[in-house]
Amino acid sequence: VKKGQMRYASRTFAADGRGNACPPAPMSIHCRTMTTDSRPTIPFPAGEYAARMRRLLRKMARENLDSCIVMSDANRHYLTGFQSSAGILALARDQEPAFYTDFRYLEMARKAVSVACVRLLKTKPGKPFHQVARLASAGKWKKTGYEGSISASVFKDLRKALPEALPLEDAGPALRSLRAVKSRREQAVMRRAARTGDRLLARLIEEARPGMSEWDLRVLSRRLADELGQGESFPCIVCVGSNASKC
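Not measured: the values here are computed from a predicted model.

> What's the story with the overall build of the chain in this structure? I'm lost.
The helix and strand tally for the chain stands at eight helices and eight strands. With 247 residues in all, the chain has 39% of them scored as buried. Counted over contacts in the chain with a minimum sequence separation of 6, partners at least 24 positions apart contribute 56%.

> Help me out: how do you make sense of a positive patch on the surface in this one?
A surface patch of like charges, here positive, comprises Lys122, Lys124, Lys127, Arg134, Lys156 and Lys160. Counting through the fold element by element, lysine 122 comes out in the loop between β6 (117-120) and α4 (130-139).

> Sorry, what's going on with unusual backbone geometry here?
Across the chain, the bulk of peptide bonds are trans and the bulk of non-glycine residues have phi less than zero. Cis rather than trans, the peptide bond between leucine 166 and proline 167 has omega equal to 0 degrees. Inspection of the secondary structure assignment puts proline 167 in the loop between α5 (152-161) and β8 (169-170). Positive phi outside glycine occurs at asparagine 64, with the angle close to 60 degrees. Along the chain, the position of asparagine 64 falls in the loop between α1 (46-62) and β3 (67-70). Notably, lysine 140 is not glycine yet its phi reads approximately 55 degrees, a positive angle. The residue lysine 140 is located in the loop between α4 and β7 (144-146) in this model.

> Could you clarify how one ought to interpret the environment of glycine 197 in this entry?
With respect to the helices and strands, the residue glycine 197 is situated in helix α7 (residues 184-207). With 27 residues separating them in the primary sequence, glycine 197 and leucine 224 have C-alpha atoms 9.8 Å apart.

> Would you mind showing me how to read the side chain of aspartate 102 here?
Tracing the chain through its elements places aspartate 102 in the loop between β5 (95-101) and α3 (106-112). We classify aspartate 102 as buried; its relative accessible area is 13%. For aspartate 102, the side chain forms a polar contact with the side chain of arginine 104, separated by 2.8 Å. For aspartate 102, the contacting residues outside a window of four places in its chain are Ala86, Leu120 and Leu121.

> Can you walk me through the sheet that holds β6 in this structure?
Backbone-to-backbone hydrogen bonds pair the strands of a sheet. The strands run either parallel or antiparallel. Reading across the sheet, the six strands line up as β6-β5-β4-β3-β7-β8 and stay open at both edges, with mixed pairing between neighbours. Two strands in the sheet have a free side with no partner beyond their single neighbour: β6 and β8. Alignment of β3 against β7, held across two bridges, turns out to be parallel. Residue pairing for β7: serine 67 is matched across the bridge by threonine 144. Against the sheet, α4 makes contact with β3, β4 (88-92), β5 and β6, and its axis sits at roughly 175 degrees relative to β5, the strand it touches most.

> Just to check I follow, could you spell out the pattern of salt bridges for this structure?
Within this structure, the stated rule accounts for ten salt bridges. Measuring nitrogen to oxygen at the nearest pair gives 2.8 Å for the salt bridge that ties arginine 104 to aspartate 102. The class of arginine 104 is partly exposed, set by a relative accessible area of 40%. Residue arginine 203 is joined to glutamate 207 by a salt bridge in which the shortest nitrogen-to-oxygen separation is 3.1 Å. You can see arginine 203 and its partner glutamate 207 sitting in helix α7, four residues apart, about one turn around the helix. Taking relative accessible area as the criterion, arginine 203 reaches 23% and is therefore assigned partly exposed. Looking at glutamate 207, the relative accessible area reads 26%, which means it is partly exposed. What you see here is one network of salt bridges that share partners, running through Glu48, Arg52, Arg185 and Glu186.

> Sorry if this is basic, but what is going on with the environment of lysine 142 here?
Counting through the fold element by element, lysine 142 comes out in the loop between α4 and β7. It is 4.2 Å that separates the C-alpha atoms of lysine 142 and alanine 165, two residues lying 23 residues apart in sequence.

> Just to check I follow, could you spell out the nonpolar core for this structure?
General note: in soluble globular proteins, nonpolar side chains tend to be found buried as a group. Within the largest apolar cluster, 28 residues are counted, with the highest numbers of intra-cluster contacts made by Leu56, Val70, Leu79, Phe82, Leu89, Phe99 and Val113. Among the secondary structure elements, those contributing two or more residues to this core are α1, β3, α2 (73-80), β4, α3 and α6 (172-180). If one sorts the elements of this core by residue count, α1 sits on top with six residues. Membership of the second largest hydrophobic core comes to 18 residues, among which are Ala92, Ala98, Ala165 and Leu168.

> It is not clear to me how the packing of α1 against α6 should be interpreted in this structure. Could you clarify?
Between two packed helices, the angle of one axis relative to the other and the distance separating the axes together describe the packing. It is at 10 Å that the axes of α1 and α6 come closest, and there the two elements cross at 140 degrees. Here α6 runs oblique to α1, going by the angle between their axes. The handedness of the crossing between α1 and α6 comes out as right-handed. Judged by residue contacts, Arg52, Arg55, Leu56 and Lys59 of α1 engage Ala174, Leu175, Ser177 and Leu178 from α6. When the residues that make up the contact of α1 with α6 are grouped by side-chain class, the tally is four nonpolar, one polar and three charged.

Quick notes on the rules
- Residues numbered from 1 in each chain as written.
- Predicted model: local features only at pLDDT ≥ 70, side-chain atom pairs only at ≥ 80, totals over all residues.
- Heavy atoms only, no water.
- Helix = DSSP H or I, 4+ residues; strand = E, 2+ residues; numbered from the N terminus.
- Buried < 20%, exposed > 50% of the residue type's maximum accessible area, 1.4 Å probe, protein only.
- Contact = heavy atoms within 4.5 Å.
- Patch = residues over 30% accessible without salt bridge, like charges linked within 9 Å, V, L, I, M, F, W, Y side chains within 5 Å.
- Areas by Shrake-Rupley, 256 points an atom, 1.4 Å probe, with all protein chains shown as cover.
- Salt bridge = Lys/Arg side-chain N within 4 Å of Asp/Glu carboxyl O.
- Lys, Arg positive; Asp, Glu negative; His and termini not counted.
- Charge placed at Lys NZ, Arg CZ, Asp CG, Glu CD.
- Polar contact = N/O pair within 3.5 Å; in protein donor to acceptor, adjacent residues only side chain to side chain.
- Pairing = 2+ DSSP bridges.
- Axes fitted to C-alpha atoms, helices over the stretch in contact; angles between N-to-C directions.
- Core = buried A, V, L, I, M, F, W, Y, C linked by side-chain atoms within 4.5 Å.
- Parallel < 35°, antiparallel > 145°, perpendicular 65-115°, else oblique.
- Left-handed = near helix turned anticlockwise from the far one by under 90°.
- Nonpolar A, V, L, I, M, F, W, Y, C, P; charged D, E, K, R; others polar.

What follows is the structure, encoded as structure tokens:
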């Protein structure tokens, strides 16, 4: 097993459930995913994401979960390193992880995701989880975790698709606790981000001039965020003068 890979049963995740080889991914790749950031997202090395998956699998074992479905953008990004607005990550303790995404992301996902087999997300009216259901049937899932933040309608569809894996268990707390513990690489990136924020504020003070409107300061702040980093983490809020108390 190469660095950054994990072994499931007697096979690595580089082969799918039918024994077909999945495209190998590089240890680190600079890729542009479909986001609003001005620059490509620069992921961690593949070993970082493999370590996160191993930690989640250990948590699943402690909570007696044999599988877990991850659908939120933030958690999918955290576990795979791939940022997208659509996708399903399915993990099982005795199967290779599967990452389903639609045609917009498929080509890039196959190049960028190294911790799961990437498959085309196919939709069926009334059966949004039919592919996950086949995976669950093959793996004989008995107890499945899900993110408790999903909508009631999505939860209903998931229950319908996985009748043998009921009751579903909320894995949201496990995922949040996983993300709360930062690796050394993550800590280094957070420190760098803090220093970048300090530089942005210093430049903003230097370039601000009397007579500039709140909108002007917002434009300046966004430009500096693009110049120094990967854009804003959330929309800029500028409140000064008579409008300050209304923000």
